Amino acid sequence: MGLHQVAAALVAPGKGILAADESIATMSRRLEAVGVVPSADTRRDYRRLLLTTPGLDSWVSGIILCDETLGQDLPGGTTFGEGAAAFGIMAGIKVDKGVTPLPFADGGLVTEGLDGLRGRLEAYRERGAVFAKWRAVLSPAGLHRRTVHANAHALARYAALCQEAGIVPIVEPEVLMDGGHGLAVCRAATASALGAVFAELDAMGVDPRGIVLKPNMIISGTQHEDQARPAEVARETLHVLSATVPPAVPGIAFLSGGQSNEQACANLAAINARAATDGAPPWRLTFSFGRALVSDALRTWHGVAANAEEAQNRLAANCRRAGEASKGPVTAAAGA
Ligand code: 13P
């Protein structure tokens, strides 16, 4: 499949992307938090549980993995990178190397990982990855224009290198939901970030038909006293996306950012419902959730093999709800 076909397949109707690409450090912390001793084996066992969930491909088109997992073995002996396709799911790889403070930017962060990326992408493609992810992290309160610009530039250079290598880039400028800010602050930061990202993507020659955008929804900061309801989230999110995202982009797959499954799915359903009312949107609107899909499964499993089936049921239920939300309003049946 070419870039356009892979990008379109990642956002196929009723399907979204499962983000299971926590770094070794983050995954280890999450395992420890549920009482599992972190190791390469327990990290692999947990990701095996996720990928081998029966019926996962009914709602999930692609799974984002980290470098360690891509080369680990699935039960049949093939690697995750080579074996994901047998489960009907495309393998993706997180290629950024995390964040560092940007000078003269009031504490803003920039994502690193461009050095040597061309060679790494080549190797990842050989190991089975057909798409990639790079995440920029933007704190909305006091967001400096240098932070916006540096991250947009890095995302565009990453995306161009991916397309050169025949890999679809997921472009993720994440405006964090942590903080006491309101909806308007999130909206302004997101509009500024997306505007800069699409200007840089264009300047770098990136083909918009061969990317997937992974933005945050426009939501209130977690500590804000007035939490926006799904209808407001939908209105604000679509307003910003319509003003910044070219119609040629095939799909927008939202991150969950720490929202619960119910909250993230209610917001996604409202976004799709409003988009349908406004007139058919040019892009598919779906999910690329991490925690909102997997947290229940991780807690249910907590390293006990006998709990694996129940954990997979929890994951399937969350993915089903997200898949339904990517089509429109959550129905009673979808929420069951
Ligand atoms: P969350 O949905 O847990 O925010 O994770 C998505 C992701 O991939 C962040 O980079």
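Here the structure is a predicted model, which is why all the values come from computation and not from measurement.

Caption draft 1: Structural context of the overall build of the chain. Per the secondary structure count, the chain includes 13 helices and ten strands. Against the globule reference of 20 Å for 336 residues, the chain gives a C-alpha radius of gyration of 19 Å, in line with a compact fold. Considered along the principal axes of its C-alpha atoms, the chain spans approximately 50 × 50 × 35 Å. The buried share among the 336 residues of the chain stands at 56%. Put simply, the chain shows about 13,200 Å² of open surface, and 53% of that area lies on carbon and sulfur atoms. One finds the centroid of the 31 positive side-chain charges in the chain at a distance of 1 Å from the centroid of its 33 negative side-chain charges.

Caption draft 2: Structural view of the pairing of strand β7 (residues 168-175). The buried count for β7 comes to eight of eight residues, which makes it a mostly enclosed element. Burial of β7 is two-sided: the residues Val168, Ile170, Glu172 and Glu174 facing one way and the residues Pro169, Val171, Pro173 and Val175 facing the other way are all buried. Two strands pair when backbone bridges link them, and strand β6 (residues 131-138) and β7 are joined in this way by eight bridges, in the parallel orientation. Residue Phe131 lies in a different strand from β7, and its bridge partner there is Val168.

Caption draft 3: Expanded view of the packing of helix α11 (residues 291-301) against helix α12 (residues 308-325). Taken N-terminus to C-terminus, the directions of α11 and α12 make an angle of 165°; their axes are 8 Å apart at the nearest point. Here α11 is positioned roughly antiparallel relative to α12, judged by the angle of their axes. Judged by the twist between their axes, the crossing of α11 over α12 is right-handed. Two secondary-structure elements touch here, α11 through Ala292, Leu293, Val294, Asp296, Ala297, Thr300 and Trp301 and α12 through Ala308, Glu310, Ala311, Arg314, Leu315, Asn318, Cys319 and Ala322. For the contact of α11 with α12, a count of residues per class yields ten nonpolar, two polar and three charged.

Caption draft 4: The arrangement of the site of the ligand in detail. Taken together, 13 residues form the shell around the ligand, and within it Lys133, Lys214, Ser256, Gly290 and Arg291 come nearest. Within the backbone of Gly257, a nitrogen or oxygen atom sits 2.8 Å from an oxygen atom of the ligand. Protein chains bury 92% of the 300 Å² of accessible surface belonging to the ligand in isolation. In the shell around the ligand, the residues fall into three nonpolar, four polar and six charged.

Caption draft 5: How the structure looks around helix α8 (residues 183-203). Taking 1.5 Å per residue as the helical rise, α8 with its 21 residues ought to reach 30 Å, and the 30 Å between its terminal C-alpha atoms agrees with that figure. Within α8, burial applies to Leu183, Cys186, Ala189, Thr190, Ala193, Leu194, Ala196, Val197, Phe198, Glu200 and Leu201.

Caption draft 6: View of the packing of aromatic side chains. Across all of its chains, the model carries three aromatic pairs by this definition. Where Tyr46 meets Trp301, the ring centres are 5.9 Å apart and the plane angle is 25°; that geometry is what we call stacked. Of this pair, Tyr46 sits in helix α3 (residues 40-51) while Trp301 sits in helix α11, and the two are 255 residues apart along the sequence. The residues Tyr46 and Trp301 share a single accessibility class, namely buried. Between Phe287 and Phe289 the ring centres are 5.6 Å apart and the planes differ by 40°, which places this aromatic pair in the tilted class. Using a relative accessible area of 0% as the deciding quantity, one classes Phe287 as buried.

Caption draft 7: Representation of the nonpolar core in the model. Formed by 107 residues in total, the largest nonpolar core has its most connected members in Tyr158 and Phe289. Not counting the four nearest positions on each side in its chain, Phe289 is found in contact with Ile17, Leu18, Ala19, Met217, Phe254, Leu255, Ser256, Ala264, Cys265, Leu268 and Ala322.

Caption draft 8: Examining the side chain of Arg47 more closely. Mapped onto the secondary structure, Arg47 falls in helix α3. What makes Arg47 buried here is its relative accessible area of 1%. Ignoring sequence-local partners within four residues, the contact set of Arg47 consists of Ala20, Asp21, Glu22, Met27, Cys66, Thr69 and Phe80.

Caption draft 9: Broad picture of the environment of Gly76. Turning to its location among the elements, Gly76 is positioned in the loop between α4 (67-70) and α5 (80-83). The class of Gly76 is exposed, set by a relative accessible area of 77%. Taking C-alpha positions, Gly76 is 45 Å from Gly179, a pair spaced 103 residues apart along the chain.

Caption draft 10: How the structure looks around the packing of helix α7 (residues 145-164) against α8. Packing of α7 against α8 leaves a shortest axis separation of 8 Å and a crossing angle of 40°. When the axes of α7 and α8 are compared, the pair comes out oblique. The hand of the α7/α8 crossing is right-handed. Only Ser192, Ala193, Ala196, Val197, Glu200 and Leu201 of α8 make contact with α7, whose side of the interface consists of Val148, His149, Ala152, His153, Leu155, Ala156 and Ala159.

Caption draft 11: Structural context of the pattern of salt bridges. Throughout the structure, instances matching the rule amount to 21 salt bridges. In this structure, Glu172 and Arg135 form a salt bridge, with 3.9 Å as the shortest nitrogen-oxygen distance. With Glu172 in strand β7 and Arg135 in strand β6, this pair connects stretches of sequence that are 37 residues apart. Under the relative-accessibility criterion, Glu172 is labelled buried at 2%. Given the relative accessible area of 28%, Arg135 is considered partly exposed. Bridged by salt links that share partners, the residues Asp21, Lys94, Lys133, Arg135, Glu172 and Glu174 form one connected network.

Rules used in this analysis
- Per chain, the residues get numbers from 1 upward, laid out in the order the sequence is written.
- Whole-chain, interface and lining totals are the exception, using all residues; otherwise, since this is a predicted model, local features are given only for residues with pLDDT of at least 70 and side-chain atom pairs are given and counted only at 80 or more.
- Excluded from the side-chain calculation are hydrogens and water; included are all heavy atoms of the structure.
- Numbering of helices and strands runs from the N terminus; a helix is a DSSP stretch of H or I covering at least four residues, while a strand is a stretch of E covering at least two.
- Between the two quantities, the radius of gyration covers C-alpha atoms and the globule rule is 2.2 Å times the number of residues to the power 0.38.
- We call a residue buried when its accessible area falls under 20% of the maximum for its residue type, exposed when it is over 50%, and partly exposed in between, using a 1.4 Å probe and counting protein chains only.
- Areas reported as accessible are Shrake-Rupley estimates using a 1.4 Å probe. Residue values count occlusion only from the protein chains shown.
- Counting rule applied: Lys, Arg positive; Asp, Glu negative; His and chain ends not counted.
- Note on charges: their place is set at NZ of Lys, CZ of Arg, CG of Asp or CD of Glu.
- Strand pairing is defined by DSSP finding a minimum of two bridges between the two strands.
- Only C-alpha atoms enter the line fits that serve as axes; for helices the fit covers just the stretch in contact. Angles between N-to-C directions range over 0 to 180 degrees.
- Small angles under 35 degrees read as roughly parallel and large ones over 145 as roughly antiparallel, with 65 to 115 read as roughly perpendicular and the rest as oblique.
- Helix crossings are classified by the rotation of the near helix relative to the far one: an anticlockwise turn of less than a right angle makes the crossing left-handed, while a clockwise turn makes it right-handed.
- Here, residues are in contact when the closest pair of their heavy atoms is within 4.5 Å.
- In this count, Pro and Cys sit with the nonpolar residues alongside Ala, Val, Leu, Ile, Met, Phe, Trp and Tyr, while Asp, Glu, Lys and Arg are called charged and the others, Gly among them, polar.
- By convention in these notes, a residue is near a molecule or strand provided one of its non-hydrogen atoms lies within 4 Å of it.
- We define a polar contact as two N or O atoms separated by no more than 3.5 Å, with the added condition that, inside protein, one atom must be a possible hydrogen donor and the other a possible acceptor, whereas residues neighbouring each other in sequence contribute only through side-chain atom pairs.
- Here the expected span of a helix is defined as 1.5 Å times the quantity of residues minus one.
- Two rings belonging to Phe, Tyr or Trp (six-membered ring only in the last case) form a pair when the distance between their centres is within 6.5 Å. Interplanar angles under 30 degrees mark stacking, angles over 60 mark edge-to-face geometry, and anything in between is tilted.
- To form a nonpolar core, buried Ala, Val, Leu, Ile, Met, Phe, Trp, Tyr and Cys residues must be joined to one another through side-chain atoms within 4.5 Å.
- A carboxyl oxygen of Asp or Glu within 4 Å of a side-chain nitrogen of Lys or Arg is what we treat as a salt bridge.

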